[in-house]
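# Structural characterization, general
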Amino acid sequence: MGQRIVVVAGGERVPTPLPGEVANAIVVAADSGLDGAFDAGLPVSVAIGDFDSVSSTALERAGREGVRIERHPAEKDQTDLELALHEAIRLGATDVIVLGIGGGRQDHLLANLLVLGAPFLASCRVTAYVAGARVHVVRGGAVVELVGAVGETVTLVPVGGPGVGITTTGLKYSLRDDRLEPGTTRGVSNVIEQSPATVALAEGVLLAILPGQGAS
């Protein structure tokens, strides 16, 4: 069995109802994600960040409940979310669920989406829920199932370089050993015709985004 870890960022409210895969996972909160985790009834094991936006109430509760606090300076080279993701790796994560990265500044949203595809997370299955959407990270050598309603939109976005050897099943516009270059819009607005659809990738990293699908 792998280790499932939920990372809660502070960008937006945690989706309700909670995704089913959150149950019984270890929870790591990034800064004000501590407020979001507590509001959603999640038991937090670790809180990490510079804590410039968390409430004093949440920090006091964390102290009472024995949450491990990892405090970092405000002037740092990583966002609180990236710090929390590194902590998830240190805890042995093989499956990472990220909540609460939408809302707030658009530069933070873009950076937080891109960090999901970072090399240090290559050993993990990564899924994020953001602004009503579900985002799956697809890495070279992997096949990822996309569970959604027939007719639901799926967008494939290459990050960090081209996506090479892309093959899909169950999508209206199928790809067969295809290539998507960074900056292309060719992967935008595909459609699920049979669920679960699948995306296989030989090399690179893709974000597979179901923009209308939140928690299920």
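These numbers were taken from a predicted model, which means no experiment stands behind them. (Residues numbered from 1 in each chain as written. Predicted model: local features only at pLDDT ≥ 70, side-chain atom pairs only at ≥ 80, totals over all residues. Heavy atoms only, no water.)

On to the overall build of the protein. The helix and strand inventory of the protein stands at four helices and 14 strands. Scaling as 2.2 N^0.38, a compact globule of 216 residues should have a C-alpha radius of gyration of about 17 Å, and the protein matches this with 17 Å. If one aligns the C-alpha atoms of the protein with their principal axes, the spans along those axes are about 55 × 35 × 35 Å. With 216 residues in all, the protein has 48% of them scored as buried. For the protein, contacts bridging at least 24 residues in sequence account for 61% of all contacts bridging at least 6. (Helix = DSSP H or I, 4+ residues; strand = E, 2+ residues; numbered from the N terminus. Rg over C-alpha atoms; globule rule 2.2 N^0.38 Å. Buried < 20%, exposed > 50% of the residue type's maximum accessible area, 1.4 Å probe, protein only. Contact = heavy atoms within 4.5 Å.)

This part covers the side chain of T155. Here T155 lies in strand β9 (residues 153-158). Only 2.9 Å separates the side chain of T155 from the backbone nitrogen of S189, close enough to count as a polar contact. What T155 contacts, discounting residues up to four positions off in sequence, is G187, V188, S189, L207, A208 and I209. (Polar contact = N/O pair within 3.5 Å; in protein donor to acceptor, adjacent residues only side chain to side chain.)

Two side chains with opposite charge may pair up if their charged atoms get near one another. Evaluation of the coordinates by the stated rule reveals eight salt bridges. Close ionic contact of E70 with R68 constitutes a salt bridge, the shortest N to O distance being 2.6 Å. Under the relative-accessibility criterion, R68 is labelled partly exposed at 34%. Taken together, the shared-partner salt bridges in this structure form one network comprising R68, E70, E87 and R90. (Salt bridge = Lys/Arg side-chain N within 4 Å of Asp/Glu carboxyl O.)

Our focus in this paragraph is the nonpolar core. Among the nonpolar cores identified, the biggest contains 33 residues, and V7, L85, V96, I101 and L116 are the most heavily contacted of them. If you tally residues by element for this core, the top one is helix α3 (residues 80-90), at five residues. The next biggest cluster of nonpolar side chains, apart from the first, holds 21 residues, and it includes V22, L42, A47 and A58. (Core = buried A, V, L, I, M, F, W, Y, C linked by side-chain atoms within 4.5 Å.)

It is worth spelling out the pairing of strand β10 (residues 163-169) at this point. Looking at chain direction, β10 and strand β11 (residues 178-180) are connected through three bridges and run antiparallel. Bridge assignment links V164 to a residue of β11, and that residue is R179. Across three bridges, the pairing between β10 and strand β13 (residues 197-200) is antiparallel. From the neighbouring strand, T168 faces β13, where its bridge partner is V199. (Pairing = 2+ DSSP bridges.)

Residues of helix α4 (residues 106-115) that are buried include every one of L109, N112, L113 and V115, and no others. Taken around the axis of α4, the buried residues stretch over an arc of 160°, which confines them to a single face. Opposite its buried face, α4 presents the exposed residues Q106 and L110, each directed more than 90 degrees away. (Arc of directions from axis to C-beta.)

Pairing is antiparallel in the open sheet, where four strands are placed in the order β8-β13-β10-β11. Unpaired on one side and paired on the other, β8 (143-146) and β11 mark the two borders of the sheet. Across the sheet, the axes of successive neighbouring strands diverge by a mean angle of 35°, strand direction being ignored. Here β8 runs beside β13; their pairing, made up of four bridges, is antiparallel. Within β13, the residue paired with L146 across the bridge is A197. (Axes fitted to C-alpha atoms, helices over the stretch in contact; angles between N-to-C directions.)

This paragraph deals with the confidence of the model for the protein. Scored by pLDDT, the protein comes out at a mean of 91, with 97% of its residues at no less than 70. The element-level mean pLDDT for the protein is lowest in α4, coming to 88, with β10 highest at 98. (pLDDT = per-residue confidence, 0-100.)

Structurally, V159 is set in the loop between β9 and β10. If we ignore the near neighbours within four places in the chain, the residues touching V159 are L114, V205 and L207.

Here the focus is the sheet that holds strand β1 (residues 3-8). Taken together, 10 strands build an open sheet; the order of strands is β4-β3-β2-β1-β5-β6-β7-β14-β9-β12 and the sheet is mixed. Whereas interior strands pair on both sides, the edge strands pair on one side only; in this sheet they are β4 (68-71) and β12 (190-191). Here α3 sits on the sheet in contact with β1, β2 (26-30), β3 (46-49), β4 and β5 (93-99), set at roughly 140° to β3.

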